[in-house]
Amino acid sequence: FIPRAAETCEDYVGRLVRTFPGVPFGIVVDNCEKHFPHMRDGLVPVLHHLFQTALYPARRNHLCVYAGNYRSTPFGIHRDECHVIMFCGVGKKSMAFWPPTYFDDKPKVVAGGKVKAPGQDFIADAVVLEIGPLDALYWSADDWHVAVADTDDFQAALSVGIYHHGTSSELIGGLDFVA
């Protein structure tokens, strides 16, 4: 399912839709910098600038591509082990968020660090944010989240996972320059 060398994004999506007609699909390439070193090379200057400008400590990080025409993250509402900055490249990406304590009084729906109930059961209480090409979105490792979509349109985003166990306010304070 990896794009072919001369394929445009439209060609790639067309091939996937023909391969899976009428079926939602999702592609997750975790640690994609290992498979596509040019992605890492392209992001190194951006990340160095971000860390230097924000005075944020450069720590271990990894890249992950999320692409497809799915309505919701296949693995449901969850929290990450890292802070995340997501860059939308194609289409629109919508993410629903709940505060870190939201599920504390709902222990029956949380198991193994994931919510074992459909995201739609809690969407009324979520903050839903949408990003498009050239936009970026940040969330902390503490935030419950899930991707959501109202359409079957193809979307693709690149996330940078930052493994720093400082507070969310420390990172947000450092990212004020982005605004």
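The model shown is predicted, which means the values in this text are computed figures rather than measured ones.

## Focus on the overall build of the protein
Looking only at helices and strands, one finds four helices and 10 strands in the protein. Scanning the protein from its N terminus toward the C terminus, one meets helices and strands in the order α-β-α-α-β-β-β-β-β-β-β-β-β-α. Burial statistics for the protein: of 179 residues in total, 43% are counted as buried. Partitioning the intrachain contacts of the protein with sequence separation of at least 6 by distance along the chain shows that 83% fall at a separation of at least 24. In the structure as shown, the protein presents an accessible area of about 10,200 Å², 58% of it carried by carbon and sulfur atoms.

## Quick notes on unusual backbone geometry
With phi around 50°, N31 is a residue other than glycine that occupies positive phi space. Within the element layout of this structure, N31 appears in the loop between β1 (26-30) and α2 (32-35). For L134, which is not glycine, the phi torsion reads 75° and is therefore positive. Looking at where L134 falls in the secondary structure, it is placed in the loop between β7 (127-131) and β8 (136-139). Among the residues examined, L134 registers a relative accessible area of 86% and is labelled exposed.

## Overview of helix α1 (residues 9-19)
Listed as buried for α1 are Y12, V13, R15 and L16. Within α1, the buried residues cover an arc of 160° as seen down the axis, which keeps them to one side. Exposed and facing more than 90 degrees away from the buried side of α1 are E10 and R18.

## Observations concerning the confidence of the model for the protein
Looking at the protein as a whole, its pLDDT mean stands at 83, while 87% of the residues score no less than 70. The least confident element of the protein is helix α4 (residues 168-174), whose mean pLDDT is 57; the most confident is β7, at 95.

## Observations regarding the packing of aromatic side chains
The tally for this structure, following the rule as stated, stands at nine aromatic pairs. Measuring from centroid to centroid gives 5.5 Å for F97 and W139, while their planes differ by 55°, and the two rings are tilted. On the criterion of sequence distance, the pair formed by F97 in strand β4 (residues 93-98) and W139 in strand β8 is long-range, its members being 42 residues apart. Note on accessibility: F97 and W139 belong to one class, buried. An aromatic cluster of three or more residues is present, and its members are W98, Y102, F103, F122 and W144.

## Describing the sheet that holds strand β3 (residues 83-90)
Note: strands within a sheet are paired through backbone hydrogen bonds, in either parallel or antiparallel orientation. Read across the open sheet, the five strands follow the order β1-β2-β10-β3-β8; overall the sheet is antiparallel. Each edge of the open sheet carries a strand with a single partner, namely β1 and β8. This sheet shows a mean twist of 20° between the axes of neighbouring strands, independent of strand direction. Note that β3 and β8 share four bridges and pair antiparallel. The residue of β8 that forms the bridge with F87 is A136.

## What about the environment of E7?
Along the chain, E7 turns up in the segment before α1. Those residues within four positions of E7 in sequence are excluded, and the remaining contacts are Y12 and R15.

## Here's the deal with the environment of F87
Within the secondary structure, F87 sits in strand β3. Looking at F87, the relative accessible area reads 26%, which means it is partly exposed. Separated by 22 residues in sequence, F87 and V65 place their C-alpha atoms 9.6 Å apart. Setting aside anything within four residues of it in sequence, one finds F87 in contact with D135, A136, A157, L158 and V160.

Definitions and limits used
- Residues numbered from 1 in each chain as written.
- Predicted model: local features only at pLDDT ≥ 70, side-chain atom pairs only at ≥ 80, totals over all residues.
- Heavy atoms only, no water.
- Helix = DSSP H or I, 4+ residues; strand = E, 2+ residues; numbered from the N terminus.
- Buried < 20%, exposed > 50% of the residue type's maximum accessible area, 1.4 Å probe, protein only.
- Contact = heavy atoms within 4.5 Å.
- Areas by Shrake-Rupley, 256 points an atom, 1.4 Å probe, with all protein chains shown as cover.
- Arc of directions from axis to C-beta.
- pLDDT = per-residue confidence, 0-100.
- Phe/Tyr/Trp six-rings, centres within 6.5 Å; stacked < 30°, edge-to-face > 60°.
- Pairing = 2+ DSSP bridges.
- Axes fitted to C-alpha atoms, helices over the stretch in contact; angles between N-to-C directions.

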